[in-house]
Amino acid sequence: MADFWTEIYNFAQTTTARIGTKLLADYGQLKPDFKADGSLVTQADKWADQEIQNAIYDHFPSHDVLTEEGTHVFSGAEWCWVIDPIDGTTNFTRGIPIWGISLGLLYQGMPIFGYVHFPNINQSFHGYWYGNSQSNESNGAFLNNIPIHTSKDDPSNHHCFNLCSRSTAALQNNIPCKIRMLGVTTYDFLSVATGAALGGVETTPKVWDLAGIWPIVQAAGGVFVNLGEDTPFPLQEGEDYGDRSFPTLVVSRPELIPTFKPLVEFLGKR
C-alpha cells in the first residue's frame, strides 16, 4: 500500500507543478467570464480542469473525477478525485498572489488524501486522513513536506480568525480575534492547519473547495463543524453537487467549538 500512496503523492505533486507553471504565465492577464451562479471563470480554469482530468484518466483509468468546471454528479466510484483547478479565481484575475490548485482523492465518498499547490507563493500542502478506518497507514499533514499542526492557543486580539466575503455579518458578534479575509477557501482553512489562524468560516463552499483540504486540516489537528443541514461527505451516488453549498466552520481544536460556533452558526441558516 505504501507504493500506492507514493504514486498518488508523486502524481499530485508533478501534475499541480506542471499546471501551476502554465497558470503563472496567465496570472493577472485574463479577463474573466461569469458563471450562472455569479462566480468568475477564465479560460485558464477550463484549461487546467481538463488537463488535470486527462492526467488522472491516463494514470488512474479506474478512478472517477468530479470537478468544478466539469462533471458535478458523483458516480459512486470507489475511488474519485475532486478537482478545483483554480481556487481563488478572483485573486488570480486581479493579480493577488494567493490562489491554488486543489486535488482531493476520495475512497467510498470520503476524502482521505489532499494536495493543494499555491504556485505564486511556493507553498504545497498535502495530507492523509484515514479517520476511523482500519487502515494501517498513518495520518499526517505537511507544508512543503514539513509536518504542520494546529495551534493550541486560546483566542486573543493577537490571534487570527478568517472570514469569507459572504460571512462578514459575523463581525457584529464581536469575534475575539483579529479578522483576516484571504479570498481563497482552501487557504482560509489551511492557515488553521498551520497554526496561523485559530479558526475560519466559509458560508458557501462547494465540495471541490473542501475535498482537498479535508484530510490535511484534520490530520493537522483541526476540526470541521458543519453549519448547514447537510454534511458534504461522504458524497452520495447520483447526487449533483453543482449548486450545493456547505456552510463550514473550522477550528484549531475541539475545545474552541463553543467559543466560535455560536458567533457564526447563523450563517448556515440564511
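Residues numbered from 1 in each chain as written. Predicted model: local features only at pLDDT ≥ 70, side-chain atom pairs only at ≥ 80, totals over all residues. Heavy atoms only, no water.

J.: Help me get a handle on the pattern of salt bridges, residues and values and all.
T.: Counted according to the given criterion, the structure contains 6 salt bridges. Ionic pairing is found between Arg253 and Glu255, a salt bridge with its closest N-O pair at 3.7 Å. A single network of salt bridges, built from pairs that share partners, joins Asp154, Arg253 and Glu255. (Salt bridge = Lys/Arg side-chain N within 4 Å of Asp/Glu carboxyl O.)

J.: For helix 7 (residues 257-264), give the residues involved together with the corresponding values.
T.: What sets the pattern is the α-helix's 3.6 residues per turn: residues three or four places apart point alike. Looking at helix 7, one finds that the buried residues are Phe260, Leu263 and Val264. Relative to the axis of helix 7, the buried residues are bounded by an arc of 85° and lie together on one face. Those residues of helix 7 hidden inside the fold are in contact with strand 10 (160-163), strand 12 (199-202) and strand 14 (248-251). (Buried < 20%, exposed > 50% of the residue type's maximum accessible area, 1.4 Å probe, protein only. Helix = DSSP H or I, 4+ residues; strand = E, 2+ residues; numbered from the N terminus. Arc of directions from axis to C-beta. Contact = heavy atoms within 4.5 Å.)

J.: Describe the packing of aromatic side chains, listing the residues and the values that go with them.
T.: In the structure shown here, the tally under the stated rule is 23 aromatic pairs. A centroid spacing of 5.8 Å and a plane angle of 85° characterise the contact between Trp5 and Tyr128, whose relative ring orientation is edge-to-face. Taken together, the positions of Trp5 in helix 1 (residues 2-26) and Tyr128 in strand 7 (residues 123-128) put the pair 123 residues apart, joining distant regions of the chain. The residues Trp5 and Tyr128 share a single accessibility class, namely buried. Within the aromatic cluster, the residues linked to one another by ring pairs are Phe4, Trp5, Trp79, Tyr107, Phe113, Tyr128 and Tyr130. Positioned above the aromatic ring of Trp47, the side-chain terminus of Lys22 is 5.1 Å from the ring centre. (Phe/Tyr/Trp six-rings, centres within 6.5 Å; stacked < 30°, edge-to-face > 60°. Lys NZ or Arg CZ within 6 Å of the ring centre and 35° of its normal.)

J.: Let's hear about the sheet that holds strand 12: which residues, and what values?
T.: With respect to topology, 5 strands assemble into an open sheet ordered 11-10-12-14-13, the strand pairing being mixed. Each edge of the open sheet carries a strand with a single partner, namely strand 11 (178-180) and strand 13 (223-226). Here the strands of the sheet are splayed against their neighbours by 20° on average, with no regard to which way each runs. Pairing of strand 12 with strand 14, which is carried by 4 bridges, proceeds in the antiparallel orientation. Of the residues in strand 14, the one forming a bridge with Glu202 is Thr248. Sitting on the sheet, helix 4 (residues 185-193) touches strand 10, strand 12, strand 13 and strand 14, and the angle it makes with strand 12 is about 160°. Strands in contact with helix 7 are strand 10, strand 12, strand 13 and strand 14; relative to strand 14, the strand with the most contacts, it is inclined by about 155°. (Pairing = 2+ DSSP bridges. Axes fitted to C-alpha atoms, helices over the stretch in contact; angles between N-to-C directions.)

J.: Report on the nonpolar core, specifying residues and quantitative values.
T.: Leu66 and Leu235 are the most contacted members of the largest nonpolar core, which has 36 residues in total. Elements with a contribution of two residues or more to this core: strand 4 (79-87), strand 6 (110-118), strand 8 (140-143), helix 4, helix 5 (207-210) and helix 6 (213-219). Not counting chain neighbours up to four residues away, the residues in contact with Leu235 comprise Leu66, Phe74, Val82, Leu106, Gly109, Val207 and Tyr241. In this structure, Ile8, Phe11, Ile83 and Ile101 belong to the second largest nonpolar core, which totals 30 residues. (Core = buried A, V, L, I, M, F, W, Y, C linked by side-chain atoms within 4.5 Å.)

J.: Any details on unusual backbone geometry? Residues and values, ideally.
T.: Here the residue pair Phe233 and Pro234 is connected by a cis peptide bond, since its omega of 5° sits within 30 degrees of zero. Assignment of secondary structure puts Pro234 in the loop between strand 13 and strand 14. Positive phi, normally seen in glycine, also occurs at Gln108, with a value near 50°. Along the polypeptide, Gln108 turns up in the loop between strand 5 (100-107) and strand 6. Phi at Asn144 is positive, roughly 50°, even though this residue is not glycine. Counting through the fold element by element, Asn144 comes out in the loop between strand 8 and strand 9 (146-147). Since its relative accessible area comes to 40%, Asn144 is described here as partly exposed.

J.: For the sheet that holds strand 3 (residues 64-67), give the residues involved together with the corresponding values.
T.: With respect to topology, 7 strands assemble into an open sheet ordered 3-4-5-6-7-8-9, the strand pairing being mixed. Whereas interior strands pair on both sides, the edge strands pair on one side only; in this sheet they are strand 3 and strand 9. As paired elements, strand 8 and strand 9 share 2 bridges and run antiparallel to each other. Bridged to Leu143 within strand 9 is Ile146. With respect to the sheet, helix 2 (residues 43-59) is in contact with strand 3, strand 4 and strand 5, its orientation differing from that of strand 4 by roughly 155°. Set on the sheet, helix 4 makes contact with strand 4, strand 5, strand 6 and strand 7; between it and strand 6 the angle comes to about 105°.

J.: Give a detailed account of helix 4, specifying residues and quantitative values.
T.: Judged by how many residues are buried, helix 4 sits mostly within the fold: 9 of 9 residues are covered. Restricting attention to buried positions, one finds in helix 4 the residues Thr185, Thr186, Tyr187, Asp188, Phe189, Leu190, Ser191, Val192 and Ala193. With its phi angle positive at about 90°, Gly195 sits one or two positions after the end of helix 4.

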